[in-house]
Amino acid sequence: MSGNTPAPSGQQHALVHGAHRAVITEVGASVRAYSVGGRDVVLPFDESDLAPAFSGAVLAPWPNRLRDGQYTWDGTDYQVAVTEPDRMTALHGLVAQVRYAKVASESGPDGDTSVTLRHDLVPTPGYPWSLRVDVTYALSDAGLRVHVAATNLDATAAPYGIGFHPWLSPGDAAVDDCTLRVDATSQVTVDDRLLPTGTRPLSGAEDRTTPQPLAGVALDDAFVDVTRDGDGLSWIVLGSPDGHGAAMWMDESMDTWQVCTGNGIPKIARRGVAAEPMSCIADAFRTGERLVRLEPGATHEVTWGMTLV
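Residues numbered from 1 in each chain as written. Predicted model: local features only at pLDDT ≥ 70, side-chain atom pairs only at ≥ 80, totals over all residues. Heavy atoms only, no water.

(A) Structural detail: the overall build of the chain. The number of helices and strands found in the chain is one helix and 27 strands. Taken against the 2.2 N^0.38 rule, which gives 19 Å for 309 residues, the C-alpha radius of gyration of the chain at 19 Å falls within 12% of a compact globule. For the chain, the C-alpha atoms occupy an extent of roughly 55 × 50 × 40 Å along the three principal directions. The long-range fraction of contacts in the chain, counting pairs at least 24 apart against all pairs at least 6 apart in sequence, stands at 65%. With 22 positive and 39 negative side-chain charges, the chain shows a separation of 2 Å between the mean positions of the two kinds. (Helix = DSSP H or I, 4+ residues; strand = E, 2+ residues; numbered from the N terminus. Rg over C-alpha atoms; globule rule 2.2 N^0.38 Å. Contact = heavy atoms within 4.5 Å. Lys, Arg positive; Asp, Glu negative; His and termini not counted. Charge placed at Lys NZ, Arg CZ, Asp CG, Glu CD.)

Here it is, written out as C-alpha cells:
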C-alpha cells in the first residue's frame with residue numbers, strides 16, 4: 001500500500017525460517033501467504049486486497065454456520081447477526097474480520113520465526129461474554145505450527161467452538177488435476193442450507209483416506225470419525241502433478257474437517273481447496289454437538305499446522 005492508506009488486512013507480520021516464508025495479518029490473524037522454497041502451500045492474497053472467502057482466518061467463537069443466527073444457552077435465547085442472507089445463517093463467528101494486536105514474537109538469524117496475536121472479544125447482546133483469543137504462528141523445519149488459546153474472562157460459562165480457513169494451493173496446476181486425501185471415514189449430511197442432518201459412512205471413491213482424484217468433484221462438506229497417524233495427527237493433503245502436496249494436520253485437540261473446493265465462490269473459483277480443522281461442526285450452538293462449555297477463567301487450546309510434502 002502507498003502513502004498513508006492502511007492495508008485492508010492491517011499490519012503484516014512476516015515470518016521466515018530457512019525455505020519457509022509466511023505472512024500473518026493483523027486482521028483476522030489470517031495466513032495471507034505461506035510458501036516453502038517459493039512453492040505456495042496456501043493461496044496467497046495481495047496485501048492491498050480484502051481477504052477472499054475468509055482466507056486463512058480464525059473462526060471463533062463458532063466455525064461454520066449457525067441457523068438463523070439464533071441459539072439458546074443456559075435457558076436464555078440469543079440472536080446474532082445473520083451474515084449469510086441467502087441461507088439465513090450466521091457464518092464463521094465473530095473474529096474473522098477484527099484486528100489482533102501483536103503481543104510477542106521470536107527471532108531467528110533471518111527474521112521473526114513466530115508471532116503471537118491477541119484479540120479481546122467485546123461482549124454484545126448476541127454473545128455477552130468476554131473472550132481473550134491468543135493465536136501463535138511459528139515456523140520450523142516441520143512447517144507452520146498454529147496454537148490458539150481462548151480464555152473466558154467473564155463470570156459465566158460461554159458456548160465456544162473454533163475453526164480455521166486456509167485455502168490450500170495446487171501450485172501451478174488446476175484443482176481438477178489434483179488428488180485429495182482426507183483422514184476421516186464419515187461425512188456430515190446437510191440440508192439445502194448446508195446445515196447438518198446426520199452422518200454417513202464413506203466408501204469407494206468417496207473414501208478419501210487414500211488420495212482420490214478431484215476432477216469434477218465439488219465439495220463443501222464436513223468430515224468426522226477422523227483417522228490419525230502414529231503421532232496422533234489427522235491430515236488433509238492436496239496432491240499436485242508436480243509431485244508435492246499442500247498438507248494440513250490437526251492434533252487431538254480437534255476432530256472435525258471441513259473441505260470446500262470453492263465452486264462458485266468469487267475470487268476463489270476452484271483455484272484451491274479449503275481445508276478447515278474445526279472443534280465442532282455447523283450449528284453446534286443449537287445442537288450442542290462437540291460444543292465446548294467454556295467455564296469462567298477456563299482456557300481452551302487447539303493446535304494444527306501446515307507444510308509442503
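(B) Just the pairing of strand β2 (residues 20-25), in detail. For β2, the tally of buried residues reaches five of six residues, placing the bulk of the element in the interior. In terms of strand pairing, strand β1 (residues 12-17) meets β2 through six bridges, oriented antiparallel. Bridge pairing in β2 links histidine 13 to isoleucine 24. Hairpin connection, β1 to β2: the antiparallel pair is bridged by two residues, and glycine 18 has positive phi, about 60°. Pairing geometry for β2 and strand β3 (residues 31-36), over five bridges, is antiparallel. Across the sheet, residue valine 23 finds its bridge partner in β3, namely alanine 33. Taking the residues between adjacent antiparallel strands as the criterion, β2 and β3 are bridged by five residues, where glycine 28 takes a positive phi near 80°. (Buried < 20%, exposed > 50% of the residue type's maximum accessible area, 1.4 Å probe, protein only. Pairing = 2+ DSSP bridges.)

(C) Representation of the sheet that holds strand β12 (residues 131-140) in the model. Pairing in this open sheet of nine strands is antiparallel, and the strands run β10-β11-β12-β13-β27-β23-β22-β17-β20 from one edge to the other. The open sheet has two edge strands, β10 (101-108) and β20 (212-213), and neither has a second partner. Both β10 and strand β11 (residues 111-121) contribute to a ladder of seven bridges, which runs antiparallel. Within β11, the position partnered with alanine 101 by the bridge is arginine 118.

(D) Looking closely at the sheet that holds β2. Spatially, the four strands line up as an open sheet ordered β1-β2-β3-β4, and their pairing is antiparallel. In this open sheet, the two strands that pair with only one neighbour each are β1 and β4 (39-40). Sheet topology places β3 next to β4; two bridges connect them, and they run antiparallel. Looking at β4, one finds that valine 36 is bridged to arginine 39.

(E) Just the pairing of strand β13 (residues 143-152), in detail. With nine of ten residues buried, β13 lies mostly within the body of the structure. Across ten bridges, β12 lies against β13 in antiparallel orientation. The residue of β13 that forms the bridge with valine 135 is valine 148. Adjacent in sequence and paired antiparallel, β12 and β13 are bridged by two residues. Relative to strand β27 (residues 299-308), β13 runs antiparallel, the two sharing eight bridges. Looking at the pairing, arginine 145 lines up with glycine 305 of β27.

(F) Main features of unusual backbone geometry. Omega for the peptide link from alanine 60 to proline 61 comes to 5°, which places this bond in the cis form. Within the element layout of this structure, proline 61 appears in the loop between β5 (58-59) and β6 (65-67). Positive phi, close to 70°, is recorded for asparagine 64, a residue that is not glycine. The phi angle at alanine 269 is positive, at roughly 45°, despite the residue not being glycine. Here alanine 269 shows up in the loop between β24 (256-260) and β25 (273-278).

(G) Examining the state of the cysteines more closely. In total, this model carries zero disulfides according to the counting rule given. Of all cysteine sulfurs, the one in cysteine 260 lies closest to cysteine 178, which takes part in no disulfide; the gap is 15 Å. Given the relative accessible area of 2%, cysteine 178 is considered buried. (Disulfide = S-S within 2.5 Å.)

(H) Quick look at the side chain of asparagine 152. Structurally, asparagine 152 is set in strand β13. A polar contact of 2.8 Å, which involves the side chain of asparagine 152, links it to the backbone nitrogen of aspartate 154. Among the polar contacts listed, one links the side chain of asparagine 152 to the backbone oxygen of leucine 294, at a separation of 2.8 Å. With residues up to four places along the chain from it excluded, the contact list for asparagine 152 reads Ser130, Leu131, Ala157, Ala158, Leu294, Glu295, Pro296, Gly297 and Ala298. (Polar contact = N/O pair within 3.5 Å; in protein donor to acceptor, adjacent residues only side chain to side chain.)

(I) Broad picture of the nonpolar core. Tyr34, Tyr137 and Met306 are the most contacted members of the largest nonpolar core, which totals 70 residues. The greatest single-element share of this core, amounting to five residues, is contributed by β12. (Core = buried A, V, L, I, M, F, W, Y, C linked by side-chain atoms within 4.5 Å.)

(J) Inspection of the packing of aromatic side chains at higher detail. With the rule as written, the count across this model stands at seven aromatic pairs. Judged by centre distance (4.9 Å) and plane angle (65°), the ring pair of tyrosine 71 and phenylalanine 285 falls under edge-to-face. In this pair, tyrosine 71 is assigned in strand β7 (residues 70-73) and phenylalanine 285 in helix α1 (residues 284-287), connecting sequence segments 214 residues apart. By the burial criterion, tyrosine 71 is buried, and phenylalanine 285 matches it. With a centroid separation of 5.1 Å and 45° between ring planes, the pair formed by phenylalanine 164 and tryptophan 304 is classed as tilted. (Phe/Tyr/Trp six-rings, centres within 6.5 Å; stacked < 30°, edge-to-face > 60°.)

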